[in-house]
Amino acid sequence: MHCNMRTGKGLLCVCIFSFLCFAANPPADSNVANQIIQAALQPSPLQENLRRLTDEIGGRIPGTPGMQHAVQWGMQAFSAAGADSVHSEGFEMPNSWAEGATEMTATTAHQVSSSGVGGGTVLSSFRVRAVSLAWAPARAAVRHVPVIDVGEGTDGDFQKAGDISGKIALVHTTVLKTWADLFAEYANAPPIVGRAVKAKVRAIAFMATREHDILYRHTNAGAGEIDRIPMVIVAREDGERMARLLAAGNLVWADLSIPNQIGGPIKSSNVVAEIRGSERPEEFVIVGAHLDSWELGTGALDNGCNAALVVDALRTIKASGVAPRRTIRFILFSGEEEGLLGSRAYATNHRAELDRAAGVVIYDSGTGKTTGFSVGGRKDIMPLAQILIAPLAQFDAKELKPDMEWGSDHFDFMLEGVPTFAADQEEANYLVNYHAVSDTYDKVDFPQLKKHVAEAAVLAVGLANLPEKIGPRLTHDQIEQTMKDTNSIEMMKADGIWDDWVSGKRGRQK
Ligand SMILES: [Zn+2]
């Protein structure tokens, strides 16, 4: 299976899936991978676990009862799956945040003529469906504030708009269709916020990137801090209506109230379960996904399905009868949506033992088919990784990308020099439901999710059973070289992470 003699890579033929196998006996490895795959595809508590997490517990914002219940769910689910140990690890977030009853009404003036009594200017109003951005400040109710169209919110757009202090800036967006669109949306927002702050607007109204009235929770704050200016997302249809009115020369005013509830520091928790290694228990592989979610929907695709996957990967390995040589840690992270806060805290607090980390596998893109894994810029681990994922070709998960991928819980392990594997997945129905009211249990593709359980379990056991770790932990300089090689530095600067890296606040320091 992984002895790729045909391409002359015989030296890489190593004993991966079982300490009983030998280079001359590759079918033994196939058997072990097959055992794991079969155990994954059996009927399991996967659906029921996710139903409880999403329908019964619901949205899971750190600091809320939903998140606390989810932590208990994780502890219980890991125990029931047969974990050798389960515990939670707390960490602090700078602020609590909850949305109040956000309200927005638009009023416009237009001309009417009526025979007999003459014409005149009349006002008409309509409700604008709006939600606050997460971790954005509250806005006390204001009335009759002019709405100004600032196009896509570029420097030129703001200049063209002139003096708009005290007004509401309406920002156009494009409909979200691809991963590239999503990354662009994230990258564009902080500079727009910066321009709006400079222009002293009273609030920003971003048009939703989803059609059909779908609203979603988004944050433009990077690390759980309260953002600089009140912001709402308005239903695309309402935003376009206001824009058309303004383009036609009608004035538009808005009444706006954003009574967000904001508090001081809060504690949240990651949940950690283990299967102890049979030969090298001090070395460990991590399989992780975030347990927290936004709360307009129930966080099923993002990321309840993959939290349930992590639990079921543990069950799968136990049920397969395979005893991994290294320890496998199964971690449900919290605070991901507010800026990777749980995984960042874990990587920082466990820095002293990361020399013994043998790989981190993360799933965070719903249930679109896995096409392969991004390996965090680590070309050095690709030949062995290709062997480890060979049994997953039957699921079409076969491509390794050397990119330093962003945006999920592998990120801070990557900045610590640990080999990481972020699952690359097809968009499927993820983006239309992303962080939205419509991200619910019924959107989950369970047959596909079960294949992903198999993939995560096979890769984790593969990493746990290699004779030596798949690659060394990189030094600070080596990590920085991978950033250069993958053209990641500009992105890090745009995301405000570069300064923290350079100053030693984030990532490996030596
Ligand atoms: Zn996510």
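In this text, all values refer to a predicted model and were calculated from it rather than measured experimentally.

A.B. asks: I tried to follow the overall build of the protein on my own but got confused; where do I start?
C.D. replies: Across its full length, the protein carries 14 helices and 18 strands. On C-alpha atoms alone, the protein measures out to a radius of gyration of 25 Å, which is about the 24 Å that the 2.2 N^0.38 rule sets for 510 residues. Once the C-alpha set of the protein is aligned to its principal axes, its extents read approximately 100 × 45 × 45 Å. Evaluated residue by residue, the protein yields a buried proportion of 57% over its 510 residues. Accessible surface, the protein: about 19700 Å² in total, of which carbon and sulfur atoms supply 52%. Of the side-chain charges in the protein, 49 are positive and 61 negative, and the distance between the mean point of each set is 1 Å.

A.B. asks: What exactly am I supposed to notice about the nonpolar core here?
C.D. replies: In globular proteins that are soluble, nonpolar side chains generally tend to be buried together. Of all hydrophobic cores here, the largest spans 76 residues; its most connected members are Phe78, Phe330, Phe373 and Phe421. Residue contributions to this core peak at 12 residues, all from helix α11 (residues 446-465). Discounting chain neighbours no more than four positions away, the residues touching Phe78 are Ala83, Val86, Val271, Ala273, Val310, Val311, Leu314, Phe330 and Leu332.

A.B. asks: Would you take a moment to explain the packing of aromatic side chains for this structure?
C.D. replies: In the structure shown here, the tally under the stated rule is 10 aromatic pairs. Centroid distance Tyr441 to Phe446: 5.3 Å. Interplanar angle 50°. Geometry classified as tilted. On the accessibility criterion, Tyr441 (22% relative accessible area) is partly exposed. The buried category is assigned to Phe446, whose relative accessible area is 10%. Clustering of aromatic rings is evident, with ring pairs tying together Trp97, Trp135 and Trp294.

A.B. asks: In this structure, what is going on with the pairing of strand β7 (residues 168-171)? I would like to understand it.
C.D. replies: Side-chain direction in a regular strand flips from residue to residue, so the side chains alternate between the two faces of the sheet. A two-sided burial pattern is seen for β7, the buried positions comprising Ile168 and Leu170 on one face and Ala169 and Val171 on the other. Strand direction decides the pairing type here: strand β6 (residues 139-149) and β7, joined by 3 bridges, are parallel. Across the sheet, residue Asp149 finds its bridge partner in β7, namely Leu170. In this structure, β7 lies alongside strand β8 (residues 203-207), joined through 4 bridges in parallel fashion. Note on β8: the bridge partner recorded for Val171 is Phe206.

A.B. asks: Explanation requested: the sheet that holds β8 in the structure shown.
C.D. replies: One key point about sheets: their strands pair by backbone hydrogen bonds, in either a parallel or an antiparallel sense. What the 8 strands build is an open sheet, ordered β4-β3-β10-β6-β7-β8-β9-β5; its pairing is mixed. Edge positions in the sheet fall to β4 (120-127) and β5 (130-132), since each of these pairs with one other strand and no more. The mean angle between the axes of side-by-side strands here comes to 30°, regardless of whether they run parallel or antiparallel. Sheet analysis places β8 next to strand β9 (residues 231-234), joined by 4 bridges and oriented parallel. Pairing of Met207 across the sheet is with Val234, part of β9. Strand contacts of helix α5 (residues 179-198): β7, β8 and β9, with the helix running at about 145° to β8, the strand carrying the most contacts. Its contacts with the sheet place helix α6 (residues 236-247) against β3 (103-112), β4, β6, β7, β8, β9 and β10 (252-258), and it is angled at close to 165° to β4.

A.B. asks: Can you help me understand the pattern of salt bridges in this one?
C.D. replies: Any two side chains of opposite charge can pair, on the condition that their charged atoms come close. Applying the stated criterion across every chain, the model contains 31 salt bridges. Arg51 is paired through a salt bridge with Glu56; the nearest N and O atoms lie 2.9 Å apart. Residue classification places Arg51 among the partly exposed positions, given a relative accessible area of 27%. On the basis of relative accessibility, which here comes to 52%, the residue Glu56 falls in the exposed class. Asp412 is the partner of Arg506 in a salt bridge, and the nearest nitrogen-oxygen pair spans 2.8 Å. One end of the pair, Arg506, is in the segment after α14 (498-503); the other, Asp412, is in helix α10 (residues 411-414), and 94 residues separate them in sequence. Salt bridges linked by common partners bring Glu274, Arg276, Arg329, Glu353 and Arg356 together as one network.

A.B. asks: When you look at the environment of Ala428 in this model, what are you seeing that I'm missing?
C.D. replies: By the secondary structure assignment, Ala428 is in the loop between β18 (420-425) and α11. Taking the relative accessible area as the measure of exposure, Ala428 reaches 61% and is therefore exposed. Sequence separation of Ala428 and Ser365 is 63 residues, and the distance between their C-alpha atoms is 9.5 Å.

A.B. asks: Sorry if this is basic, but what is going on with unusual backbone geometry here?
C.D. replies: Residues other than glycine predominantly adopt negative phi, and peptide bonds predominantly adopt the trans conformation. Going from Asp302 to Asn303, the amide bond is cis rather than trans, its omega being 10°. Tracing the sequence through the fold places Asn303 in helix α7 (residues 300-320). Unlike most non-glycine residues, Trp135 shows phi in positive territory, near 60°. Mapped onto the fold, Trp135 is located in the loop between β5 and β6. A relative accessible area of 1% means that Trp135 is categorised as buried. A positive phi angle, near 55°, is found at His144, a position not held by glycine. Within the secondary structure layout, His144 lies in strand β6. For His144, a relative accessible area of 43% gives the class partly exposed.

The rules behind each value
Residues numbered from 1 in each chain as written. Predicted model: local features only at pLDDT ≥ 70, side-chain atom pairs only at ≥ 80, totals over all residues. Heavy atoms only, no water. Helix = DSSP H or I, 4+ residues; strand = E, 2+ residues; numbered from the N terminus. Rg over C-alpha atoms; globule rule 2.2 N^0.38 Å. Buried < 20%, exposed > 50% of the residue type's maximum accessible area, 1.4 Å probe, protein only. Areas by Shrake-Rupley, 256 points an atom, 1.4 Å probe, with all protein chains shown as cover. Lys, Arg positive; Asp, Glu negative; His and termini not counted. Charge placed at Lys NZ, Arg CZ, Asp CG, Glu CD. Core = buried A, V, L, I, M, F, W, Y, C linked by side-chain atoms within 4.5 Å. Contact = heavy atoms within 4.5 Å. Phe/Tyr/Trp six-rings, centres within 6.5 Å; stacked < 30°, edge-to-face > 60°. Pairing = 2+ DSSP bridges. Axes fitted to C-alpha atoms, helices over the stretch in contact; angles between N-to-C directions. Salt bridge = Lys/Arg side-chain N within 4 Å of Asp/Glu carboxyl O.

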